[in-house]
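Residues per chain are reported as follows:
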Amino acid sequence: MLTREALGVRKFYEDMEKCIANPDQFFLANTVVDYHAGTPAEVRWSQALSATVLSLREGTPPISVQMCGKRIGWTMKAVEDYCRIGMLGKEKPKMWAATPRPLNIILSAYRQPGPFSLDLASAVIRQMNFVEKMVHLGFTEQARWEDDRDTLTRCVVRYHHFLDLMASTPGNFVVPTLDIDLAWHTHQLLCDSYRKVKEVIGIIPDHDDKVGQGALSDAYDKTAEAWKARFGVPYSICGCLPPSTSGGFGSSAFSLFSRKGKSKSTLENPLQNPRPDLLSPSDDAADQTHPSDHHAVAIINPGERNAAQAQARRQELGKRTKQLGKSVEKGKADQWGEIMQKRGVDHTPSFLCPVQYGVQSPFSKFG
């Protein structure tokens, strides 16, 4: 049966056939660029990675696309299982062992048919979500920035600190807020400048917009914790509640919105904001710090796993809301905590809508 998935698998087998027949000239997709540096990889590195993924050895006999399909299978799951053996060095790797990131990057180029390594239909839909949020914030209005330099300046300053946070926590996935993501998107349009980021923070930031919703929400929580620990102010005050205690990026436990002792509401006093360059308490600026979840595209009939993740997230946020409410009631919450409690009443949190990250039939619904 000819399916979208089978066409992607066939593309992988075609490249596999070429790699075996002529390993000096043909390599698997996404192995010719060093994704850490953003520069062309050395040929020997591309050869070695392709050979490892395909479990190639000296004298490996030629193989046809049809033979690959018969021996391995015609699903991406079968292809991934086969490649995991080469990457993990075991005949039957443990199922719970994470698939190495280099392999995920390679296989992402084969998860859709056609000559392109990017699923353009899915990418457009995800970016539509992001643009819609920019419209909602009023960022696309004509002459929007002529009389409001503070917002744009804070957006850029927060992006710079976001890069600093990324550099200070290598190997961790950090999730931007909407204002930071706008600066990130804009910076990527300046190719020469963006490539030089490696000279400053040691890596080329990977703006991966195909991250599963469970991983995205967990990473956002850890980003919020690490930001507060490093810069002394909350990451976001839109109404999305982060964890009350730290468990991410190796920082020590602390309460994000707590203070010692008991007293009346702290909002009666002037707000103590040590970093006005990073955070504005105004209601107009609050939604700008909402988590950027345009990576997620909502689906009408989510699978059990996606629905379960969204439900678990909803329950966790319910616990956080009660916890913050008790802290405010007892006078233990700081001014940021009281602000967050009020904004959370009518606020729609991120990562609650079941999502998908690839469009199986992007045009069937529209004819």
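Here the structure is a predicted model, which is why all the values come from computation and not from measurement. (Residues numbered from 1 in each chain as written. Predicted model: local features only at pLDDT ≥ 70, side-chain atom pairs only at ≥ 80, totals over all residues. Heavy atoms only, no water.)

Peer 1: What exactly am I supposed to notice about helix α4 (residues 76-88) here?
Peer 2: The periodicity of an α-helix, 3.6 residues per turn, causes residues three or four places apart in sequence to face the same way. The first and last C-alpha atoms of α4 sit 18 Å apart over 13 residues, in line with the 18 Å expected at 1.5 Å per residue. Within α4 the residues assigned to the buried category are Met76, Ala78, Val79, Glu80, Cys83, Arg84 and Gly86. Residues of α4 that are buried make contact with α1 (4-21), α2 (43-54), α3 (65-72) and α5 (101-108). Backbone geometry just after α4 places glycine 89 at a positive phi near 70°. (Helix = DSSP H or I, 4+ residues; strand = E, 2+ residues; numbered from the N terminus. Expected span 1.5 Å × (residues − 1). Buried < 20%, exposed > 50% of the residue type's maximum accessible area, 1.4 Å probe, protein only. Contact = heavy atoms within 4.5 Å.)

Peer 1: Hey, could you run me through the pattern of salt bridges in this one?
Peer 2: Between side chains of opposite charge, a pair can form as their charged atoms come close. Enumeration according to the criterion identifies 10 salt bridges in this entry. A salt bridge links aspartate 148 to arginine 144; its shortest N-O distance comes to 2.9 Å. Across the pair aspartate 283 and arginine 343 runs a salt bridge whose closest N-O atoms are separated by 2.7 Å. Placement of aspartate 283 in helix α12 (residues 283-286) and of arginine 343 in helix α14 (residues 335-343) is noted, with a sequence separation of 60 residues between them. (Salt bridge = Lys/Arg side-chain N within 4 Å of Asp/Glu carboxyl O.)

Peer 1: Explanation requested: the packing of α1 against α4 in the structure shown.
Peer 2: Helices that pack against each other are described as a pair by the angle of their axes relative to one another and the distance between those axes. Relative to each other, α1 and α4 sit at 35°, their axes nearing to 9 Å. Contact residues: Glu5, Val9, Phe12, Tyr13 and Met16 in α1; Met76, Lys77, Val79, Tyr82 and Cys83 in α4. Among the residues forming the contact of α1 with α4, the class breakdown is 8 nonpolar, no polar and 2 charged. (Axes fitted to C-alpha atoms, helices over the stretch in contact; angles between N-to-C directions. Nonpolar A, V, L, I, M, F, W, Y, C, P; charged D, E, K, R; others polar.)

Peer 1: I tried to follow the confidence of the model for the protein on my own but got confused; where do I start?
Peer 2: When pLDDT drops low, the exact placement of atoms in the prediction is not to be read closely. Overall, the predicted model of the protein reaches an average pLDDT of 77, with 76% of residues at or above 70. Considering only residues more than four positions removed or in separate chains, one finds that residues 245-263, a stretch of pLDDT under 50, has 52 contacts. (pLDDT = per-residue confidence, 0-100.)

Peer 1: Looking at this model, I keep getting lost on the state of the cysteines. Mind explaining?
Peer 2: Working definition: the covalent bond between the sulfur atoms of two cysteines is a disulfide. A full pass over the atoms with the stated rule returns 0 disulfides. Cysteine 238 provides the cysteine sulfur closest to cysteine 240, a residue in no disulfide bond, and the two sulfurs are 3.7 Å apart. (Disulfide = S-S within 2.5 Å.)

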